[in-house]
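Examining the three-dimensional arrangement
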Amino acid sequence: MWVFPPRKALPEERDMFYEPEKNNHGLKHNPFKSCTVPRAIGWISTLSKDNVANLAPYSQFTNLSFDPPYVMVAINQAEGRRKDTTVNIEETGEFVYNMVSYELKDKMNITSIGYEPEVDEFELAGLTKAPCENVRVPRVGESPVSLECKYVQTIRLPGYGTVGTVDMIIGKVVGVHIKDEVLGEEDRIDIEKIKPLARLGYSYYTVVEKVFELEDPPTIGDKGAAIANGLEGNFGAFR
């Protein structure tokens, strides 16, 4: 079997390389979280088994699929214990994702602190508890978009220290709330109007202020419709 010889770095190559396990980047600040940006902020609302509302932001959040729609939020431990959001989701089987607009950035920041379980972050940040249709958990009434979710499973990834271990929580979206005023041309969500907040590395954030469109990639034969449906995420299109 052919084995490629080891690659020798050329003298003029000066790009940095480091191994996370060795933490040998030699920089003043760890660059890892700036390597996957921007990240949508999962502003997650839950209810405890004692009906205490909880609201907290997580930047390791994404959608996983669309038919049916699933989302994932990854939640690290806090000082060796699972966070209230994780506990609430697993005990009640429900949660809600709330989109953070630029206007909501300061209220979101208030809810990012690790309060005790009995603290209601909705009340602390002066936010409205709006009712949902298919889950008991309240949504943020000021949020332009909210997704009602049913808990599916937790994938627990081991880590180091009291924080490194992370719970990857997967939920199935069973309801979608969109404010009428953020629907624009051709009934598309007006992202430039919302200015969704996104997480960068370090203590930095950004907002989506510019949107552009790329033409659909070239297609062959009858694959065009399938590709278009997949890119748009059309529910039920492949049944």
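Attention here is on the structure that accompanies the text. Only a predicted model underlies this, so the values are computations on that prediction, with no experimental measurement involved.

1. Remarks on the sheet that holds strand E2 (residues 42-47)
Across the sheet, which stays open at both edges, the seven strands sit in the order E3-E2-E6-E9-E10-E5-E4 with antiparallel pairing between neighbours. Both outer strands of the open sheet, strand E3 (53-58) and strand E4 (61-66), are each paired with one neighbouring strand and no more. Between one strand and the next, the sheet's axes are offset by a mean angle of 35°, whatever the strand orientation. Judged from the seven bridges that link them, strand E5 (residues 69-76) and strand E10 (residues 166-178) form a sheet pairing that is antiparallel. The partner of Ile75 across the bridge, within E10, is Asp167. The sheet strands contacting helix H1 (residues 84-92) are E2, E3, E5, strand E6 (94-98), strand E9 (145-157) and E10, and the helix crosses E2 at an angle near 55°.

2. Re a nonpolar patch on the surface
Nonpolar side chains collect at one region of the surface, where Val176, Ile178, Leu183 and Ile189 lie side by side and expose about 290 Å² of accessible area between them. Topologically, Leu183 is positioned in the loop between E10 and helix H4 (191-194).

3. A look at unusual backbone geometry
Cis peptide bonds are those with omega within 30 degrees of zero, and the linkage from Val37 to Pro38 qualifies with -10°. Along the polypeptide, Pro38 turns up in the segment before strand E1 (39-40). The phi torsion at Asn51 lies on the positive side, around 70°, for a residue other than glycine. Along the chain, the position of Asn51 falls in the loop between E2 and E3. At Glu186, a residue that is not glycine, the phi angle is positive and equals roughly 55°. Counting through the fold element by element, Glu186 comes out in the loop between E10 and H4.

4. Topic: the side chain of Thr165
Among the secondary structure elements, Thr165 is positioned in the loop between E9 and E10. From its side chain, Thr165 meets the backbone nitrogen of Gly159 in a polar contact 3.2 Å long. Look past the residues within four positions of Thr165 in its chain and what remains in contact with it is Ile75, Asn76, Gln77, Arg156, Leu157, Pro158, Gly159 and Tyr160.

5. Brief notes about the pairing of E5
Bridge analysis of E4 against E5 gives five bridges, and the strand direction is antiparallel. Paired with Phe66 across the strands is Pro69, a residue of E5. Here E4 folds back onto E5, and the loop between the two strands holds two residues.

6. Remarks on the environment of Ala237
Position of Ala237 relative to the elements: it lies in the segment after helix H5 (223-232). The exposure class of Ala237 is partly exposed, given its relative accessible area of 33%. Discounting chain neighbours no more than four positions away, the residues touching Ala237 are Asp67 and Asn229.

7. Some thoughts on the side chain of His177
Mapped onto the elements, His177 comes out in strand E10. A polar side-chain atom of His177 sits 2.6 Å from a polar atom in the side chain of Glu148. Ignoring anything within four residues of it in the chain, the contact list for His177 reads Pro131, Cys132, Glu133, Arg139, Pro144, Val145, Ser146 and Glu148.

8. Overview of the packing of aromatic side chains
Using the criterion set out here, one finds two aromatic pairs in the structure. Taking the centre distance of 4.6 Å and the plane angle of 10° together, the rings of Phe61 and Tyr97 count as stacked. Here Phe61 is found in strand E4, whereas its partner Tyr97 is found in strand E6, with 36 residues between them in sequence. With respect to class, Phe61 is no different from Tyr97; both count as buried. Ring geometry for Tyr202 against Tyr204: centres 5.8 Å apart, planes inclined by 75°, an arrangement best described as edge-to-face. The exposure class of Tyr202 is partly exposed, given its relative accessible area of 39%. Here Lys105 stacks its cationic end above the ring of Tyr102, 4.2 Å away from the centre of that ring.

What counts and what doesn't
- Residues numbered from 1 in each chain as written.
- Predicted model: local features only at pLDDT ≥ 70, side-chain atom pairs only at ≥ 80, totals over all residues.
- Heavy atoms only, no water.
- Pairing = 2+ DSSP bridges.
- Helix = DSSP H or I, 4+ residues; strand = E, 2+ residues; numbered from the N terminus.
- Axes fitted to C-alpha atoms, helices over the stretch in contact; angles between N-to-C directions.
- Contact = heavy atoms within 4.5 Å.
- Patch = residues over 30% accessible without salt bridge, like charges linked within 9 Å, V, L, I, M, F, W, Y side chains within 5 Å.
- Areas by Shrake-Rupley, 256 points an atom, 1.4 Å probe, with all protein chains shown as cover.
- Salt bridge = Lys/Arg side-chain N within 4 Å of Asp/Glu carboxyl O.
- Polar contact = N/O pair within 3.5 Å; in protein donor to acceptor, adjacent residues only side chain to side chain.
- Buried < 20%, exposed > 50% of the residue type's maximum accessible area, 1.4 Å probe, protein only.
- Phe/Tyr/Trp six-rings, centres within 6.5 Å; stacked < 30°, edge-to-face > 60°.
- Lys NZ or Arg CZ within 6 Å of the ring centre and 35° of its normal.

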